[in-house]
Amino acid sequence: MRALLAMVLCSTLLLAQERPTPTPTPTPAQAPASDRPVLVDGVVATVNDSAILITTVRTQANGRLNALQQRFGQLTGQMIETEMQRALDSEIERHSLAHAAKSIGKFTPEQIDQIVQSELERDQQEQIRGIGSINAYSRELKRRGRDWPTYEHEQRIDKLFDIAEELGVRQRLARQTNLFLTPRMLRETYAQNRDQFVRPALASVTQVMFTGPDAETAATEASTTWRLQPMTARQVADKFTDRGAIAVGEMLTTELAGGLAEIRAFALAGPQGAVSPPIKFGNSWRVARVGEFRPARNATFEDPATQDELRSMCSRKVIDEFREQYLERAKQRTEVWRMFDSPRR
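Let me sum up the structure you'll find in this document. (Residues numbered from 1 in each chain as written. Predicted model: local features only at pLDDT ≥ 70, side-chain atom pairs only at ≥ 80, totals over all residues. Heavy atoms only, no water.)

As a further point, take the sheet that holds strand β2 (residues 50-53). In a beta sheet, neighbouring strands are held together by backbone hydrogen bonds and run either parallel or antiparallel to one another. Pairing is antiparallel across the open sheet formed by three strands, whose spatial order is β2-β1-β9. The open sheet terminates on both sides in strands that have one partner only, identified here as β2 and β9 (336-338). Between one strand axis and the next, the sheet turns by 20° as a mean value, whatever way the strands run. Note that strand β1 (residues 43-47) and β2 share four bridges and pair antiparallel. (Pairing = 2+ DSSP bridges. Helix = DSSP H or I, 4+ residues; strand = E, 2+ residues; numbered from the N terminus. Axes fitted to C-alpha atoms, helices over the stretch in contact; angles between N-to-C directions.)

Turning our attention to the pattern of salt bridges. Side chains that differ in charge, positive against negative, can pair when their charged atoms come close. All told, the structure shown has 14 salt bridges when counted by the stated rule. Between Glu83 and Arg86 there is a salt bridge; the shortest N-O distance is 3.2 Å. One end of the pair is Glu83 and the other is Arg86, both in helix α3 (residues 77-100) and three residues apart, which spans about a single turn. Judged by its relative accessible area of 7%, Glu83 is buried. Look at Arg86 and you get partly exposed, because its relative accessible area is 49%. Across the pair Glu91 and Arg94 runs a salt bridge whose closest N-O atoms are separated by 3.3 Å. Separated by three residues within a single helix, Glu91 and Arg94 lie in helix α3, roughly one turn from each other. Judged by relative accessible area, which is 2%, Glu91 ranks as buried. The network of salt bridges with common partners includes Arg64, Glu83 and Arg86. (Salt bridge = Lys/Arg side-chain N within 4 Å of Asp/Glu carboxyl O. Buried < 20%, exposed > 50% of the residue type's maximum accessible area, 1.4 Å probe, protein only.)

Spatially, the four strands line up as an open sheet ordered β5-β4-β7-β6, and their pairing is antiparallel. The open sheet has two free edges, formed respectively by β5 (245-252) and β6 (279-281), since each of these has just one partner strand. Adjacent strand axes in the sheet meet at a mean angle of 35°, parallel and antiparallel pairs treated alike. Contacts from helix α9 (residues 215-228) reach β4 (202-210) and β7 (284-294), with the element oriented near 25° to β7. (Contact = heavy atoms within 4.5 Å.)

Now for the environment of Val116. For Val116, the position within the fold is in helix α4 (residues 109-131). Overall, the relative accessible area of 1% leaves Val116 in the buried class. Taking the C-alpha atoms as reference points, Val116 and Leu160, separated by 44 residues in sequence, lie 6.9 Å from one another. For Val116, the contacting residues outside a window of four places in its chain are Arg156, Lys159, Leu160 and Ile163.

Attention shifts here to the environment of Gly42. For Gly42, the position within the fold is in the loop between α1 (4-18) and β1. Given the relative accessible area of 25%, Gly42 is considered partly exposed. Between the C-alpha atom of Gly42 and that of Ile52, which follows or precedes it by 10 residues, the distance is 8.3 Å. Beyond its immediate chain neighbours, meaning those up to four positions away, Gly42 contacts Ile52, Leu53 and Ile54.

We now examine helix α7 (residues 183-192). Among the residues of α7, those classed as buried are Met185, Leu186, Thr189 and Tyr190. One side of α7 holds all its buried residues, which, seen down the axis, span an arc of 140°. Those residues of α7 that are exposed and aimed more than 90 degrees away from the buried face are Pro183, Arg184, Ala191 and Gln192. (Arc of directions from axis to C-beta.)

Here it is in structure tokens:
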């Protein structure tokens, strides 16, 4: 059962990757049977009386998965499952905090309900004014595959989560900021994270290697193509496979030495996404593309900009600690069910 989330999203990604040419829809009598799984929505977890749907988890995970796909070209089942589990955990925490808003803080559950209902009604009126009428608003919800009860439930969770953040984190932080953000804490944070302030440049590089009598010409064409189109090294190599192209796996600039020094120098100049001209390497020609890029930095502790960054880091650390404490209390007040918690057979 644990792999079900990954299976559903994987099917979606495969459908998106294939992008078949549209064809006329066959009549029911002509429609061929398909062994492709039918994608349906469903509940993958509940927090108290709130259901978390697979579509919600998929939406949360898609951004990270798309980034991974751009970087690596092909997603593994483990990548998909990891990101889906991470998205589900995040949604469960968000729902837990939202439900706990009624039982943690100085307001009664009835007062919290009144605040949320007032916010929902105000948002609804603003949406109706923006669209033109309540009928047009209903049609817009239907177009997005929602009705008002579903949309209201989603918005209620969002409002409750905002209240929980305000009561359990922001107000507490406002009362204790001066106590926590001491000069000693700033200096300790600088020492613990020194590599973020004083560091050499670093970049990741993917390459396509060309061999054969036509290698330089093919590499020149590939360099131009790669600059104009957002492609992975493997996709570029596939496009020029009949001209001796081979994709080289991602490498950090710290791994590039010797004859690859020219590629290393190009990558360290940045920026992210830069594509090199053909570079001679032994009996081959290579084209490189800069992946993640981190410029060199030498920021001292006394620098005012460094001080501002340290205060921001310390504040985030305190906020994370408060949120973690609040979440632990919220878990004691909510009941969570996960679909994949069932015993495996």
